Amino acid sequence: MIILRQLILMGPSRMSDHSSSTLNLGVCDYPEHVSANDWRMHAKKQKSIGLSFVRLAEFSWAKIEPIEGTYQWQWLDEAIEIYQQEGLNVVLGTPTATPPAWLIQKYPEILPVDENNQVKKFGSRRHYDHASELYRDECARIVTLMAKRYASHSAVIGWQTDNELGHEGTGMSFGGASAERFPSWLKEKYKSLQALNQAWGCEFWSQTYTDWTQITPPNLTAVRQANPSQVLDYKRFCSAMIEEFQQRQIDILRTYSPAEFITHNFVIFSAESDLYRLAENLDFVAWDSYPIGMLEFFATWESEQTKTDFARTGHPDLVSFNHDLYRGLKNGRDFWVMEQQCGHANWAQYNPLPAKGAVQLWTAQAWAHGASAVVYFRWRACHMAQEIMHSGLLRQDGTEDRGFKEAADFCSEEFKLATINNKIAVLHDYESLWIYDQQAHNQDLSYWHQFMLFYSVLRECGVDVDVIHPRQLKDKQYDLVVAPALTLMSEEIADQLLALPSETELVLGPRTAFRNESGLVAQTGQFEKIEALVGAKMLNFDSLRPTISQLIEGQGERQHEARLWCESYQVDTAKSVLRYKEGPLDQQSAVISKGNTTTIGALSKSLIKAVINEKLSRKNIEYFDDLPTGVRISRRGEQTLLTNFSSHPIEWRGHLLPAVSYKHF
Ligand code: GAL
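Here the structure is a predicted model, which means the values were calculated and not measured. (Residues numbered from 1 in each chain as written. Predicted model: local features only at pLDDT ≥ 70, side-chain atom pairs only at ≥ 80, totals over all residues. Heavy atoms only, no water.)

Asker: So what exactly am I meant to see when it comes to the sheet that holds strand S9 (residues 371–377) here?
Answerer: Sheet strands pair via backbone hydrogen bonds, and the direction of the pair is either parallel or antiparallel. The parallel open sheet is built from nine strands, whose spatial order is S5-S4-S3-S2-S1-S9-S8-S7-S6. Each end of this open sheet is capped by a strand with a single partner; those strands are strand S5 (261–263) and strand S6 (265–266). Relative to strand S7 (residues 286–289), S6 is paired through two bridges, and the arrangement is parallel. Of the residues in S7, the one forming a bridge with Phe266 is Trp287. This element, helix H14 (residues 316–329), spans S6, S7 and strand S8 (335–341) of the sheet and lies at about 170° to S7. (Pairing = 2+ DSSP bridges. Helix = DSSP H or I, 4+ residues; strand = E, 2+ residues; numbered from the N terminus. Contact = heavy atoms within 4.5 Å. Axes fitted to C-alpha atoms, helices over the stretch in contact; angles between N-to-C directions.)

Below, the structure is given as structure tokens:
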């Protein structure tokens, strides 16, 4: 058994050794939802299709402790025993995403408060305020008991903390413990009210505070939006509360279960907390991939037709971006997909059946972007409550559903784990996201939308990228660094950019460095902290209605058309590369460059592509300009994966790709 455990990722030291490992497959199982008579049959079947582990128990607090202080561990003991006898390992979730009814009745103050100051009630999940010390103590109690009980069990290989921290709008509470703690958190940060008033620009609209106790969470302000600098700090605060909440559990698990790994399952396009910080003390990260529901994250400028074309597979870039993001959280370390859609989901606006082949396609794609395990969600569809409409590998009646055969036929042994070594970095920062989205200045724009425009251009060129935080630039040298939307320019980020080796090519997107750490605009000019790199000042920005566009002169006859956002620059030491044509920005600079740094002021896919292509050529990085829509190429070590997410067969450069398929070589 020990040997088997070692084959599955265990401790951090073993996780970087991929030499003899291949992709692992598992499944999320809920023995508490079915008759105990089915447990062995289920485990046998799981093993027979090549699954090597199950994830269990992340919502089972009320089953484990039905009455305060009365514990029922037998069902879980027995279930784990059966999985082990049938050759499966176990990942246990701490059950803290679902405090039981008795606990809420006893301590209603742990419930979170919404933006309208309404207390959110018991009856679904994630009903707690991360800042509540009372709740943290309760969690510590149940996690300690669980860790002590199962740490030495040879089937238990690791832990998942809670479930999707902050997801489903639960990252922020606007009352209770959070509201109480916020002023003291601020006091610790700013030391004096004068510093806080200055950082938040409280001179505006007489917002000046004269006592720490006057400060509340930024909700229900009388008119308009709350002060963006206050919101930025509230996001930071709530993120810190989630971090503290999780850390308490990590400390307990490390104490009582030191040999097992600790991970957490993050979500798609998460924006609730600074995941770089949340990931810091985990052994590796995991995320939950539901490609079809993810389609709704498409920017508004993508046509409805694109969503239709990818309705049954999801869009390859939306999915691979999340893989790249989560691989980047821990400097390129392999990650897990802790929940992989394997049939229709239930929570998106539309929940069609996946195309035939999609489950295998998603599994292979996850591997290509650095996953070392893919865990299907879920084993058997649930016959009760909120997720009745969700599918599993088995139907509610226990028969095999569409995804079952695809999972069973997937040859995971062919997918060797290897380190991914990319030459291109795309920079991402949660603080920029938080401030950008508060004053997007165009209802069709958001940080993720702008970010994904650049990411998609790179993926359409067939190049592989790392998504990293700027502070990770010091750990590795890249040929090309792209910063699509680094709106918030802290000293730390500026230092990283300024320290880039002179041979590194850098591309900056619109709104770069528009704000300082507090979310204010630098009065000495947009690029103040990175003036040496950019060599220009911003002149104007223009937020376009979706029905109008702005032309940009291209090289020769070529013209580019920008949508939603354009900004123009006054060059100083930089040179103007392309100019706007007609309209209010006529003849002002749209693209400027200084040394190896190019700054793009307009959201135009063809323009971004032209700049990126030139940079790739300069660095001799191979790229393609004929990759068909829906086809993507990804490399892992010496291996390559070609994927076709479209619903028709495609031939590209001698490779024949049937509809919804992949080719691995
Ligand atoms: C995930 C969640 C699971 C389940 C699933 C349904 O976000 O972690 O518990 O709700 O969605 O798709």
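Here the narrative resumes, following the displayed structure.
Asker: Please explain empty space enclosed by the protein as it appears in this structure.
Answerer: The method is simple in principle: a probe with the dimensions of a water molecule rolls over the atoms, and the space it marks as empty is what remains. Across all of its chains, the model carries six cavities of 30 Å³ or more by this definition. Of the pockets and cavities examined, the largest cavity occupies roughly 90 Å³. No other element matches the five residues that helix H18 (residues 447–460) contributes to the lining of the largest cavity. (1 Å grid on protein atoms, 1.4 Å probe; cavity = no way out; pocket = protein on both sides within 12 Å on 5 of 7 lines; lining within 4 Å. Points joined across faces, edges and corners; volume = space filled by probe spheres on them.)

Asker: I keep staring at the nonpolar core and nothing clicks. Help me out?
Answerer: Buried together is how nonpolar side chains tend to be arranged in soluble globular proteins. In this structure, Leu76, Leu92 and Tyr376 are the most contacted members of the largest nonpolar core, which totals 142 residues. It is H18 that contributes the most residues to this core, nine residues altogether. When near neighbours in sequence (up to four residues on either side) are disregarded, Leu92 contacts Leu56, Ala57, Leu76, Ile80, Met146, Tyr150, Val156, Gly158, Trp159 and Gln160. Of all hydrophobic cores here, the second largest spans 26 residues; its members include Leu427, Val481, Ile493 and Val534. (Core = buried A, V, L, I, M, F, W, Y, C linked by side-chain atoms within 4.5 Å. Buried < 20%, exposed > 50% of the residue type's maximum accessible area, 1.4 Å probe, protein only.)

Asker: What exactly am I supposed to notice about the layout of surface pockets here?
Answerer: Considering only enclosed or pocket space, the second largest pocket measures out at about 820 Å³ in volume. Considering the residues around the second largest pocket, the lining is formed by 38 residues, among which Trp200, Phe204, Asn227, Pro228 and Gln439 are closest to the centre. Mapped onto the lining of the second largest pocket, the elements with two or more residues apiece are helix H10 (228–256) and helix H17 (430–438). Looking at the lining of the second largest pocket, the element that brings in the most residues is H10, giving three residues.

So, to be careful, I would describe these as geometric facts and stop short of saying anything about function.
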